[in-house]
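Fold and geometry: a report
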Amino acid sequence: FAKRAGGSQLHFFDAGQALEEKEGLELRRHIVEGVGRNEFWLAYQPKVDMRCGRVIGFEGLIRWQHPHHGPLQPADFIPLVEDHELIEQLGDWAIGEALRQATEWQAGGVNTSVSVNISPRHMQRPDFIERLAAHLARHPQLHPGVLELEILETTAITDFATVAQFIEACKSLGVPVAMDDFGTGYSSLTYLRRLPVAALKLDQSFVNGVIDNTEDQAIVKGILLLAKGLGRQAIAEGVESVAHGQALMALGCTLGQGYGIARPMAPALVPAWILDYERAPLWGRAPDCA
Ligand code: C2E
Ligand code: MG
Ligand code: MG
Ligand code: MG
């Protein structure tokens, strides 16, 4: 896996660099046009309860099928627009698309939740909550809790008051917020106490070492304890193998997401994947699971 991921990273990096150099400011126009031409789509990666063999939801990860550069990953274009108004348009598109997809799945008898990554700049838009409410209103048959927003821990550190307000407002609309890449931003325990996030996503950098690195194990244990004490969910990202999942479960972390469970997939594959996984979960099913 590592070799393959490394290889593709290099490829994507090159594509991103080519975009930056050859297209320059053109990129922004291309993104606007790309949204209009449906060149963007969300790949879905499952989040599962590894212990009970249940799918708890999917993370929608943006992809760009570029007419000249082929398939692009977020790293190829998100950083180039992160400080630009375009990130707000992309984020807004992602919310609408996730809700549309969840509605379509629900109509087909597939009930699952979908999370979307929200950039700091987008989050700080004064009308974000108003627009979120408008999105939800377009899908009255959908429970708002089907949507979840992921924000970075680092955002919360730089602008605590805005972020606290943001999370509270999302919550009051019924939309839970998760803190992504948790453990990389040095947020203090007291901060977290005042941020009503529903879940902490343990960053893959230390999930990676959970099999044999005692320090990473200590960090995971610490975050699990913190999450439990504050009544938040904890979910590990970057579960790259069955061994990673087992090591996490041994430490008490039962929720996971990663290549070892499934890679992000096209939406059409999701319904069958859920059936397959729940029929024969990777780690079996603990006896006390309902
Ligand atoms: P993230 O939200 O932390 O998403 C997890 C990233 O790790 C995804 O990469 C996913 O494919 C990858 N991943 C999942 N499992 C594994 C694993 O087992 N091992 C390894 N090495 N990696 C794994 P992706 O899709 O390239 O997304 C990268 C980042 O781009 C995301 O990190 C998120 O911060 C950002 N992003 C993705 N979609 C959007 C979007 O719609 N809007 C914004 N603003 N940012 C997005
Ligand atoms: Mg995320
Ligand atoms: Mg993450
Ligand atoms: Mg990340």
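Here, every reference points to the structure presented above.
Everything in this summary refers to the structure shown in the same document. None of these values were measured; they are calculated from a predicted model. (Residues numbered from 1 in each chain as written. Chains lettered and ligands numbered in written order. Predicted model: local features only at pLDDT ≥ 70, side-chain atom pairs only at ≥ 80, totals over all residues. Heavy atoms only, no water.)

Let's talk about the site of ligand 1
Definition in use: Nearness is defined per residue: one heavy atom within 4 Å of the molecule or strand is enough. Each polar contact in these results corresponds to two N or O atoms within 3.5 Å; when the atoms are within protein, one needs to be able to donate a hydrogen and the other to accept it, and residues that are neighboring in sequence are counted only if both atoms are side-chain atoms. The protein chains shown are the only cover counted for residues, whose accessible areas, like all others here, come from Shrake-Rupley with a 1.4 Å probe. What counts as a helix is a DSSP run of H or I of at least four residues, what counts as a strand is a run of E of at least two, and both are numbered from the N terminus.
Looking at ligand 1, there are 21 residues lining it, with Asn 117, Ser 119, Asp 180, Glu 240 and Tyr 259 nearest. Between Glu 240 and ligand 1, the recorded distance is 2.5 Å, taken from a side-chain N or O atom to a nitrogen atom. Here ligand 1 has 800 Å² of accessible area as a free molecule, and 83% of this is covered by the chains. When contributions to the shell around ligand 1 are tallied by element, the ones reaching two or more residues are strand 2 (54–66), helix 3 (74–81) and strand 6 (177–182). Ranked by the residues each element gives to the shell around ligand 1, the list is headed by strand 2, at 4 residues.

Overview of the coordination of the magnesium ion (ligand 3)
Selection rule: Coordinating donors are taken to be N, O and S atoms lying within 2.8 Å of the metal, or within 3.2 Å when the metal is Na, K or Ca; because water is excluded from the atom set, some sites may appear incomplete. With a 1.4 Å probe rolled over the protein chains alone, any residue whose accessible area is under 20% of its type maximum counts as buried; one over 50% counts as exposed, and the rest are partly exposed.
Note on the magnesium ion (ligand 3): its protein donors are Asp 180 (OD), Asp 181 (OD), Glu 237 (OE) and Glu 237 (OE). The metal-donor distances range over 2.1 to 2.5 Å. In terms of primary sequence, the donors binding the magnesium ion (ligand 3) are separated according to D-D-x55-E. In this structure, the magnesium ion (ligand 3) lies 4.1 Å away from the magnesium ion (ligand 2), the two metals sharing Asp 180 as a donor. On the accessibility criterion, Asp 180 (7% relative accessible area) is buried.

A look at helix 11 (residues 214–229)
Threshold: A helix is expected to reach a length of 1.5 Å times the quantity of its residues less one. Contacts between residues were defined by any pair of non-hydrogen atoms, one from each residue, lying within 4.5 Å.
For helix 11, spanning 16 residues, the distance from its first C-alpha to its last is 22 Å, which sits close to the expected 22 Å at 1.5 Å a residue. The complete set of buried residues in helix 11 reads Asp 216, Gln 217, Val 220, Ile 223, Leu 224, Leu 226 and Ala 227. Those residues of helix 11 hidden inside the fold are in contact with strand 6, helix 9 (189–194), strand 7 (199–202), helix 10 (204–207), strand 8 (233–237) and helix 12 (242–250). By the N-cap criterion, in which a side-chain oxygen at the helix start approaches the backbone nitrogen of a residue two or three places on, helix 11 is capped by Asn 213, the distance to Glu 215 being 2.8 Å.

Things to note about the coordination of the magnesium ion (ligand 2)
Metal coordination angles in their ideal form are 109.5 degrees for the four-donor tetrahedron and 90 or 180 degrees for the six-donor octahedron. The protein atoms donating to the magnesium ion (ligand 2) are Glu 59 (OE), Asn 117 (OD1), Glu 150 (OE) and Asp 180 (OD), with metal-donor distances spanning 2.0 to 2.3 Å. Read from N- to C-terminus, the donor residues coordinating the magnesium ion (ligand 2) fall into the pattern E-x57-N-x32-E-x29-D. Relative accessible area serves as the criterion here: at 31%, Asn 117 is assigned to the partly exposed category. For Glu 150, a relative accessible area of 1% translates into the label buried.

Describing the pattern of salt bridges
Rules: A pairing counts as a salt bridge when a side-chain nitrogen of Lys or Arg comes within 4 Å of a carboxyl oxygen of Asp or Glu.
The final tally for this structure, using the stated rule, is 14 salt bridges. Its salt-bridge partner being Arg 100, residue Glu 97 comes within 2.8 Å of it at the nearest N-O pair. Separated by 3 residues within a single helix, Glu 97 and Arg 100 lie in helix 4 (residues 86–107), roughly one turn from each other. Taking the shortest distance from any N to any O, the salt bridge between Glu 150 and Lys 201 comes out at 2.9 Å. Taken together, the residues span a long stretch of sequence, with Glu 150 in strand 5 (residues 147–152) and Lys 201 in strand 7 at a distance of 51 residues. The residues Glu 150 and Lys 201 share a single accessibility class, namely buried.

As for the environment of Pro 271
Residue placement: Pro 271 occurs in helix 13 (residues 270–279). Sequence spacing of Pro 271 and Gly 109 is 162 residues, and the spatial spacing of their C-alpha atoms is 9.0 Å. Each residue touching Pro 271, except ones within four places of it in the same chain, is listed here: Trp 105 and Val 110.

Regarding the environment of Ile 151
Looking at the element boundaries, Ile 151 is found in strand 5. Look at Ile 151 and you get buried, because its relative accessible area is 0%. For the pair Ile 151 and Asp 180, spaced 29 residues apart in the sequence, the C-alpha separation amounts to 5.6 Å. Those residues in contact with Ile 151, other than ones at most four positions away along the chain, are Ile 118, Met 123, Val 163, Phe 166, Ile 167, Val 177, Ala 178, Met 179 and Asp 180.

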